[in-house]
Amino acid sequence: MDKYQIIVIGGGHAGVEAAAAAARMGAHTCLITHSAEKIGEMSCNPAIGGIGKSHLAKEVDALGGLMARAADMAGIHYRVLNSTKGQAVRATRVQTDRDLYKLAIQKLLKECDILTVLESSVEDIIIKGEEVCSVLTNQGQTIIAEKLVLTTGTFLGGVMHTGLEQKPGGRVGDPPSIKLAERLRKLPLSVGRLKTGTPPRLHKKSIDWTKLSPQPGDSPTPLLSYTSNEKNRPKQVECFMTRTNKKTHEIIRGSLDQSPMYSGVIEGVGPRYCPSIEDKVVRFAERDSHQIFAEPEGLNSDLIYPNGISTSLPHESQESFVRSIRGFEEAEIVRPGYAIEYDYFNPTGLKHSLETRCTKGLYFAGQINGTTGYEEAAAQGLLAGINATLALTEQEPLVLGRHEAYMGVLVDDLVSLGTKEPYRMFTSRAEYRLIMREDNADMRLTERGKKLGLVQDRLWEFYEDKKNTAQKELTRLEQEKISPNTKEANLLEKETGERLSSSKTLKEVLKRPKVLYGHLPGKLDGIKRSAVDEIEASVKYAGYIERQRTDIERLQKNENTKIPNTVDYQNVIGLSNEVKQKLSEARPQSLARASRLPGVTPAAISLLMVHLKKERKRKAS
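Residues numbered from 1 in each chain as written. Predicted model: local features only at pLDDT ≥ 70, side-chain atom pairs only at ≥ 80, totals over all residues. Heavy atoms only, no water.

Our focus in this paragraph is helix H2 (residues 53–62). Across the ten residues that make up H2, a large majority, ten, are buried. Of the residues flanking the end of H2, it is Gly-64, one or two places downstream, whose phi is positive at about 85°. (Buried < 20%, exposed > 50% of the residue type's maximum accessible area, 1.4 Å probe, protein only. Helix = DSSP H or I, 4+ residues; strand = E, 2+ residues; numbered from the N terminus.)

As structure tokens, this is what we get:
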């Protein structure tokens, strides 16, 4: 009978981050997956990052995680989205080579000395006295563990749909976890069904590329990880764009009776912000066309991923509407698109550590919590792995605040509010996004990661170099001045149009909208882009950042007002029955978390504050 401190079930993005984090922190960990060859598989689009998502990937990286490093080892096309806007909403997106990404993840996992990978399927979880103690595999093997992290993705009760045809599966070529799903449904947790989908894959030689618009990557090419070296990434390629048209939409509308979504076969709710092409045509009926990005699946792959036409229509309908699109007239569908429906558990049943409230030592991460996207899964996996390891020695869990990290926003949204549709991260979800930028994830999190034993020496060296460089330069900018009618002032005016009427410090000059660090005299040669971003943001957004810090201090007062788990909300005078029910179900740990529950008004929070004060006085007397 094998024994480990931590077992992680699932080799997807959540699973690998959970297993790697636990192993880096010194826990003897076993990663159980259907196939070791498919660890790190990108089930849908071979891309990492994007709006809100790159913030998560960067935060995972700042804590020593794998995702961003693997993306740079496999990245074949980079773009910074919102590059003309402020740094708070800029986001890096990396199109990767699907096979190279998977190999990169597997290579990085092998560097974890005390991590064991076991090819098997878990069919049962053994719980004694409301505490997890072991798992049972399909081979009859019992494996003992103190903590268990479940990252089952779309495999729990997975059913794949193409037209009205259904078959069990977690993704193409992989079986679902049926027995494990049946076991989990017996737990006192709220279970539901969600769905996601993927587009048909096209053969690249069947596409008329002359009819598509090229979408080149950015130059200079950015990196996603703080520690990546641009010399180590693969060859860069172009992506291309085309659009659907009226004929495409007519074909889709004529096939809706064969759509599993619109015929009622699929009960699960799909992702609002990544809808299928059927959804787009119905929900946005006033639009004549939608963008499609033709993205290569890899440098040596013949497959093209047509991003924007996820579908579960029958194969024949897919062929018809695809061939109505400019450039795809002769397109060969190598593999049809499909929808997949799977079990998830409402995350209000979790603590902020991602441990289930009902079972000690059982943690959930990824799509099992109702999220969608690789980055959301990786962030949860990392946190679940960290907290499961901390729990081994009864240490306090790592719970990041909404003002500290997008990971904190993600977890707080899930645990406090729950979700009835696939949850996706956006910058708009973060109240304090000026402080939580993509460029400063390391400044926010790497020191904490170092204390937890997560951060490798290379990342720590990069962090210290960036921090020291930025601090020294900010000090210089505060001290050095530039005067009107000097050589430096004339050059500045020529490059930016900004004219000086009096002597200014370089910091005051940098505050001007058109002035960048590179325009200033005395700038450091070879300074890293990440340090420049830190300097520019610190100066340009100083007033806004200070205002947000004041808001955060106010928030912290409520965050620090803890609500005892023993509070009987039925006894709180003045609360409506609806609010009493929501508070009783959610059991928020602080006033701040209670205030974020839907329907819990500021008036209700005031009543709760009065009740807590009375209770404290009563106990004190």
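What follows covers the packing of H2 against helix H11 (residues 441–452). Contact geometry for H2 and H11: axes closest at 8 Å, N-to-C directions at 35°. For H2 against H11, the interelement crossing comes out right-handed. Here Lys-58, Glu-59 and Ala-62 of H2 lie close against H11, whose contacting residues are Ala-441, Asp-442, Arg-444, Leu-445 and Thr-446. (Axes fitted to C-alpha atoms, helices over the stretch in contact; angles between N-to-C directions. Left-handed = near helix turned anticlockwise from the far one by under 90°. Contact = heavy atoms within 4.5 Å.)

The next thing to look at is the environment of Gly-526. Among the secondary structure elements, Gly-526 is positioned in the loop between helix H14 (506–510) and helix H15 (529–540). Judged by relative accessible area, which is 77%, Gly-526 ranks as exposed. When the C-alpha atoms of Gly-526 and Gln-367 are compared, they prove to be 42 Å apart, with 159 residues separating the residues in sequence.

Taking strand neighbours across the sheet as the criterion, the six strands line up as S14-S15-S16-S17-S13-S18 in an open arrangement whose pairing is antiparallel. Only two strands of the sheet have a single partner each, and these edge strands are strand S14 (213–215) and strand S18 (333–335). On average, each strand axis in the sheet is tilted by 40° relative to the strand beside it, whichever way the strands run. (Pairing = 2+ DSSP bridges.)

It is worth spelling out the sheet that holds strand S3 (residues 47–49) at this point. Pairing within the open sheet is antiparallel, and its three strands lie in the order S3-S5-S4. For this open sheet the edge positions go to S3 and strand S4 (75–81), each flanked by a neighbour on one side alone. Looking at each pair of strands side by side, their axes are set apart by 15° on average, direction ignored. With six bridges connecting them, S4 and strand S5 (residues 91–96) associate as antiparallel partners. From the neighbouring strand, Val-80 faces S5, where its bridge partner is Thr-92. Its contacts with the sheet place helix H3 (residues 67–74) against S3, S4 and S5, and it is angled at close to 120° to S4.

Among covalent bonds in proteins, the disulfide is the one between the sulfur atoms of two cysteines. Scanning the entire structure with this criterion turns up zero disulfides. Of all cysteine sulfurs in the structure, the one in Cys-133 sits closest to Cys-358, which takes part in no disulfide; the separation is 14 Å. (Disulfide = S-S within 2.5 Å.)

What follows is about H15. The end-to-end C-alpha distance of H15 is 16 Å, a good match for the 16 Å that twelve residues give at a rise of 1.5 Å each. Looking at H15, one finds that the buried residues are Ala-531, Val-532, Asp-533, Glu-534, Ile-535, Glu-536, Ala-537 and Val-539. (Expected span 1.5 Å × (residues − 1).)

In total, this model carries three cavities of 30 Å³ or more according to the counting rule given. In this structure, the largest cavity spans a volume of roughly 50 Å³. As for the largest cavity, its lining consists of His-352, Leu-354, Leu-383, Asn-387, Leu-398, Val-399, Leu-400, Met-407, Gly-408 and Val-411. Put simply, the parts of the chain that give the lining of the largest cavity at least two residues each are helix H9 (374–392) and helix H10 (406–417). Counting residues per element, the lining of the largest cavity draws most heavily on H10, which supplies three residues. For the lining of the largest cavity, a count of residues per class yields seven nonpolar, three polar and no charged. Forming the boundary of the second largest cavity are His-352, Arg-357, Val-415, Ser-416, Ala-586, Pro-588, Arg-593 and Leu-597. Per-class residue counts for the lining of the second largest cavity are four nonpolar, two polar and two charged. (1 Å grid on protein atoms, 1.4 Å probe; cavity = no way out; pocket = protein on both sides within 12 Å on 5 of 7 lines; lining within 4 Å. Points joined across faces, edges and corners; volume = space filled by probe spheres on them. Nonpolar A, V, L, I, M, F, W, Y, C, P; charged D, E, K, R; others polar.)

Next up on the list: the nonpolar core. With 101 residues, the main nonpolar core has Leu-184 and Met-407 as its most contacted residues. The element contributing the most residues to this core is H9, with twelve residues. Those residues in contact with Leu-184 that lie beyond four places of it in its chain are Ile-125, Leu-150, Leu-156, Phe-345, Phe-364 and Ile-368. In this structure, Leu-212, Ile-252, Ile-292 and Val-322 belong to the second largest nonpolar core, which totals 19 residues. (Core = buried A, V, L, I, M, F, W, Y, C linked by side-chain atoms within 4.5 Å.)

Another point: the packing of aromatic side chains. Scanning the entire structure with this criterion turns up three aromatic pairs. With centroids separated by 5.0 Å and ring planes inclined at 55°, the aromatic side chains of Trp-209 and Phe-240 adopt a geometry described as tilted. Of the two residues, Trp-209 sits in the loop between strand S13 (201–203) and S14 while Phe-240 sits in strand S15 (residues 239–243), which places them 31 residues apart along the sequence. Judged by its relative accessible area of 28%, Trp-209 falls in the partly exposed class. Arranged with centres 5.1 Å apart and planes meeting at 35°, the rings of Trp-460 and Tyr-463 form a pair that is tilted. (Phe/Tyr/Trp six-rings, centres within 6.5 Å; stacked < 30°, edge-to-face > 60°.)

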